[in-house]
Amino acid sequence: MQVSDLLGLMANLSVGLDNTTPTERAIFLQYLNLAHFELYQETASFNQDLIIQEEHDTQEDNKNLIELNNLPYTMNTVYDLTHKKVLERVSRIDLLGEDPGLTATGYPQKYLIRKQYLELYPVQTNVTQVSIWYIPQPTLLKENTEESDIPYPPAYHPVLVDGGLYYLFQEEGGFKNTTKENDARARWLAGKKMLLSYLYNSSGQSISTFQSA
């Protein structure tokens, strides 16, 4: 289902109309995106389809800093292709405790993330090529977003509708409906649980602490 189809379904289930105004569709899209961001937070780490890979060379004028194509949500793996080594992620606070002056030099051993930038440590003396695997931050859905660009399996796109309706029915305006809100909430919670279980079971990950509830 395209996002335009999801908005049409929201309109039909909320006010029983097949035709809506641009203003109404904009309201529906706002609540659909609230559901989308919540769903992304809860499922992205298990969604293998979201992982992207980039290869970068550090630059001659700054051998430590790499600008990623997207803002990362979670990092998966940073691999030093030049020296055949998986790098360890470290926080800046821990790194400063280890090397307050950041004066160490040598092959990359660790990396830091600062917004859209990946920083290698220690200070590089030569250009290094790295392969980076990560999940990007979510982006807003638009009315013309195609089905293939919705970051969830198609079978679970209706879960977004239930989440959007749940937020919609909490509105203090003309869409306020406690009964429909409770019904949408129940479907929303159940749908999130099913999607999370599906992604976990299909991911091949082995995490003993996983809970679908």
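Now for a look at the structure at hand. These numbers were taken from a predicted model, which means no experiment stands behind them.

Analysis parameters
Sequence order as written defines residue numbering, which begins from 1 separately in each chain. Local features in this predicted model are restricted to residues of pLDDT 70 or higher, and side-chain atom pairs are both shown and tallied only at a pLDDT of 80 or more, whereas totals for entire chains, interfaces and linings draw on every residue. To obtain the side-chain values, all non-hydrogen atoms of the structure were used and water was disregarded. Numbered from the N terminus, helices here are DSSP runs of H or I no shorter than four residues, and strands are runs of E no shorter than two. Both definitions apply: the radius of gyration is a C-alpha atom measure, and the globule rule equals 2.2 Å times residues to the power 0.38. Each residue is assigned to one of three classes by its accessible area relative to the maximum for its type, calculated with a 1.4 Å probe on protein chains only: buried under 20%, partly exposed between the two thresholds, exposed over 50%. Any two residues having at least one pair of non-hydrogen atoms within 4.5 Å are treated as being in contact. Only the protein chains shown count as cover for residues, with accessible areas throughout obtained via the Shrake-Rupley method and a probe of 1.4 Å. Positive residues here are Lys and Arg, negative ones are Asp and Glu, while His and the chain termini are left out of the count. In plain terms, the charge of a residue is placed at NZ if it is Lys, CZ if Arg, CG if Asp and CD if Glu. To obtain each axis, a line is fitted to C-alpha atoms, and for helices this fit is confined to the stretch in contact; angles are then taken between N-to-C directions over 0 to 180 degrees. Angle categories: roughly parallel below 35 degrees, roughly antiparallel above 145, roughly perpendicular from 65 to 115, and oblique for all the rest. The hand of a helix crossing depends on one turn: near helix anticlockwise from the far one by less than a right angle means left-handed, and clockwise means right-handed. Charged means Asp, Glu, Lys or Arg here, nonpolar means Ala, Val, Leu, Ile, Met, Phe, Trp, Tyr, Cys or Pro, and polar covers whatever is left, Gly included.

Quick look at the overall build of the chain now. Secondary structure assignment for the chain yields five helices and eight strands. For 213 residues, the compact-globule estimate of 2.2 N^0.38 gives 17 Å, and the C-alpha radius of gyration of the chain, at 22 Å, exceeds that figure by more than 25%. If you line up the chain on its principal axes, its C-alpha atoms span 65 × 40 × 30 Å. Counting across all 213 residues of the chain, residues that qualify as buried make up 42%. Counted over contacts in the chain with a minimum sequence separation of 6, partners at least 24 positions apart contribute 67%. Accessible surface for the chain amounts to roughly 11,700 Å². Of this, 49% is attributable to carbon and sulfur atoms. When the 16 basic and 27 acidic side-chain charges of the chain are each reduced to a single mean position, those positions are 5 Å apart.

Where helix α1 (residues 3-15) contacts helix α4 (residues 157-168), the axes come no closer than 10 Å and their chain directions differ by 50 degrees. With respect to α4, the element α1 is oriented oblique. Crossing of α1 over α4 shows right-handed handedness. Of α4, the residues touching α1 (which contributes Leu6, Leu9, Met10, Leu13 and Ser14) are His157, Leu160, Val161, Gly164, Leu165 and Leu168. Class assignment for the residues of the contact of α1 with α4 results in eight nonpolar, three polar and no charged.

Another point: unusual backbone geometry. With an omega of 0 degrees, the peptide bond running from tyrosine 121 to proline 122 counts as cis. Here proline 122 shows up in the loop between β7 (117-121) and β8 (129-136). Within the chain, leucine 102 stands out as a residue other than glycine whose phi angle is a positive 45 degrees. For leucine 102, the location among the structural elements is in the loop between α3 (92-98) and β6 (110-114). Take leucine 102: its relative accessible area is 25%, and that puts it in the partly exposed class. The backbone of lysine 115 sits at a positive phi, close to 55 degrees, despite the residue not being glycine. Summarising the element assignment, lysine 115 is placed in the loop between β6 and β7.

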